[in-house]
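The primary structure of each chain is shown beneath.
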There are 2 protein chains.
Amino acid sequence: MTNNNHKSISGMPSLSLFRLSLYLRYVKALECKGVESVSSKELSHRFSISSALVRKDLGFLGSLGKRGVGYDIAVLKNGLISALGIDKHWNVALVGAGRLGTALVRYTRRAEGPFRIAAILDKYPQRMTKARDLDMEVLHIDSLPEAVQERDIKIGIISVPGSAAQDVADKLVAAGVGAILNFAPAYIEAPDGIFVHNVDFIVYLENLAHHINTNSDIAD
Amino acid sequence: MTNNNHKSISGMPSLSLFRLSLYLRYVKALECKGVESVSSKELSHRFSISSALVRKDLGFLGSLGKRGVGYDIAVLKNGLISALGIDKHWNVALVGAGRLGTALVRYTRRAEGPFRIAAILDKYPQRMTKARDLDMEVLHIDSLPEAVQERDIKIGIISVPGSAAQDVADKLVAAGVGAILNFAPAYIEAPDGIFVHNVDFIVYLENLAHHINTNSDIAD
């Protein structure tokens, strides 16, 4: 789960923004199936939220829907891509080339999205045997400032042990990234203007455990 | 990010529940530092939400705070643990013993929380060389029903390729798990009553990209 060190943008609440990403995934899946349009009601059902909220979210994209017809899939996809700012490429530095880091690099590549792992760094690059088949040199962490500058890197991913996470975050900020995605099991802090997401998947497990535990019904 | 196939519990909104997990992490960190109490104002500042919302969230735990003193760390920690249903152990089956799956097993073990990886399964257990140093046999996926029953498994984690995810989800449901955490890059669906989180970290990157792109200010 996420800790918003930042808050939001252009009047769009953070949660709307996350939903835009979820809509995009779903719209892409529909496109692959040859579906040509989707209604706010279908999106509402798919994501267990109200149609009004779907229409409000998509309202941020401008006027895309036709009454009674729903949203054209291609138009909606492009609108979402543009609204999310992913109609261009983003270079990413990943720090921590262990097992999790290596898995994240592969995952990002497979996603074939706008995010490119432009540098992989580690404190002990020569030890990183797991990263050997990534077809990319693992750089020493001290090369971070040059890498960020030369490779136009805007986002840093942290996948180091918790004890090293804040130090790596400080280095990323000093090197000039604008945003950090932290997978280390430690909260990191960054100056105002640097966007940070702390991801901790144990939080998801706790959430599921609570649901099973109470095993009760549904009221958002 | 998460797709709630379910919604919520006992009148507690899903987002409150996630915040309880975040508070717990923070409270544990404070405890390690020897801090003895925390105010709703401090929590509010830490998580960029209103004090009123913090008090509302913690209100679900019953009366824990003292006026002007804040919350006692030990009392708050126990209240959070109990509210989250993690004052007991939960056995988890992980399906997909590749790089990501192996990283998730290690992460879960390091977290030393209530979640125990009680079974690791794969379609090709003998190929899973990365999982060899996990000190645990990788079972064939066909053993899932027995494993779930014999090892009292309540939660399934999916870390297989996207194309196989729904099939694995169906098998987990048939075997009797109550909740699924899906890391495969594909949405999965499950019958009513089975709680599913679809996790896709590319969504976080998209969110950060949008923030950098608009680079504007803060209004939640």
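The model shown is predicted, which means the values in this text are computed figures rather than measured ones.

Residue and element names in this part refer to chain A. All told, the structure shown has twelve salt bridges over all chains when counted by the stated rule. Across the pair Lys 171 and Asp 167 runs a salt bridge whose closest N-O atoms are separated by 3.0 Å. Taken together, the positions of Lys 171 and Asp 167, both in helix 7 (residues 162–175) and four residues apart, correspond to about one turn of that helix. Judged by relative accessible area, which is 33%, Lys 171 ranks as partly exposed.

All names here are of chain B. Judged by how many residues are buried, strand 4 (residues 90–95) sits mostly within the fold: five of six residues are covered. Of the strand pairs in this sheet, strand 4 and strand 5 (residues 115–122) are connected by six bridges, and their pairing is parallel. By the bridge assignment, Ala 93 is partnered in strand 5 with Ala 119. Note that strand 4 and strand 7 (residues 153–158) share five bridges and pair parallel. Within strand 7, the residue paired with Val 92 across the bridge is Ile 155.

With that settled, consider the sheet that holds strand 6 (residues 138–140) of chain B. Residue and element names in this part refer to chain B. The six strands are arranged 6-5-4-7-8-9 in an open sheet whose pairing can be described as parallel. Either end of the sheet is taken by a strand with one partner, and the two such strands are strand 6 and strand 9 (195–198). Strand-to-strand twist across the sheet, computed as the mean angle between neighbouring axes with direction ignored, equals 25 degrees. In this structure, strand 5 lies alongside strand 6, joined through three bridges in parallel fashion. Within strand 6, the residue paired with Asp 122 across the bridge is His 140. Most of the contacts of helix 5 (residues 99–111) go to strand 5, to which it runs at about 165 degrees, and overall it touches strand 4, strand 5 and strand 7.

This part is about the nonpolar core. Ranked by internal contacts, the top residues of the largest apolar core, which has 109 residues, are Leu 58, Ile 157 and Phe 201 of chain A together with Leu 58, Ile 157 and Phe 201 of chain B. For Phe 201 of chain A, the contacting residues outside a window of four places in its chain are Leu 104, Tyr 107, Thr 108, Ile 157, Leu 181 and Phe 183 of chain B.

All names here are of chain A. Across chain A, the average pLDDT comes to 82, with 87% of residues at 70 or higher. Mean pLDDT across the elements of chain A ranges from a minimum in strand 2 (residues 65–66), with 64, to a maximum in helix 6 (residues 144–150), with 97. For the stretch residues 216–220, pLDDT sits under 50, and the model shows 15 contacts to residues farther than four places along the chain or on other chains.

With that out of the way, let us pick up helix 5 of chain B. Between its first and last C-alpha, helix 5 of chain B extends 18 Å over 13 residues, near the 18 Å set by a 1.5 Å rise per residue. Looking only at helix 5 of chain B, the buried set comprises Arg 99, Leu 100, Gly 101, Thr 102, Ala 103, Leu 104, Val 105, Tyr 107 and Thr 108 of chain B. Those residues of helix 5 of chain B that are buried lie in contact with helix 5 (99–111) and helix 8 (202–214) of chain A together with strand 4, strand 5 and strand 7 of chain B. Just downstream of helix 5 of chain B lies Glu 112 of chain B, where phi reads positive at about 50 degrees.

The subject of this paragraph is the pairing of strand 5 of chain B. Most of strand 5 of chain B sits inside the fold, with seven of its eight residues counted as buried. Handedness of the crossover joining strand 4 of chain B and strand 5 of chain B through helix 5 of chain B is recorded here as right-handed.

Strand pairing in a sheet relies on backbone hydrogen bonds. The paired strands run either parallel or antiparallel. Residues and elements named next belong to chain A. Within the open sheet, the six strands sit side by side as 6-5-4-7-8-9. Their pairing is parallel. Across the chains shown, the open sheet's two edge strands, defined by having one partner strand only, are strand 6 (138–140) and strand 9 (195–198). Geometrically, the sheet is characterised by an average inter-axis angle of 25 degrees between neighbouring strands, direction not taken into account.

Calculation criteria
Residues numbered from 1 in each chain as written. Chains lettered and ligands numbered in written order. Predicted model: local features only at pLDDT ≥ 70, side-chain atom pairs only at ≥ 80, totals over all residues. Heavy atoms only, no water. Salt bridge = Lys/Arg side-chain N within 4 Å of Asp/Glu carboxyl O. Helix = DSSP H or I, 4+ residues; strand = E, 2+ residues; numbered from the N terminus. Buried < 20%, exposed > 50% of the residue type's maximum accessible area, 1.4 Å probe, protein only. Pairing = 2+ DSSP bridges. Axes fitted to C-alpha atoms, helices over the stretch in contact; angles between N-to-C directions. Contact = heavy atoms within 4.5 Å. Core = buried A, V, L, I, M, F, W, Y, C linked by side-chain atoms within 4.5 Å. pLDDT = per-residue confidence, 0-100. Expected span 1.5 Å × (residues − 1). Right-handed = clockwise from strand over helix to strand, strands pointing away.

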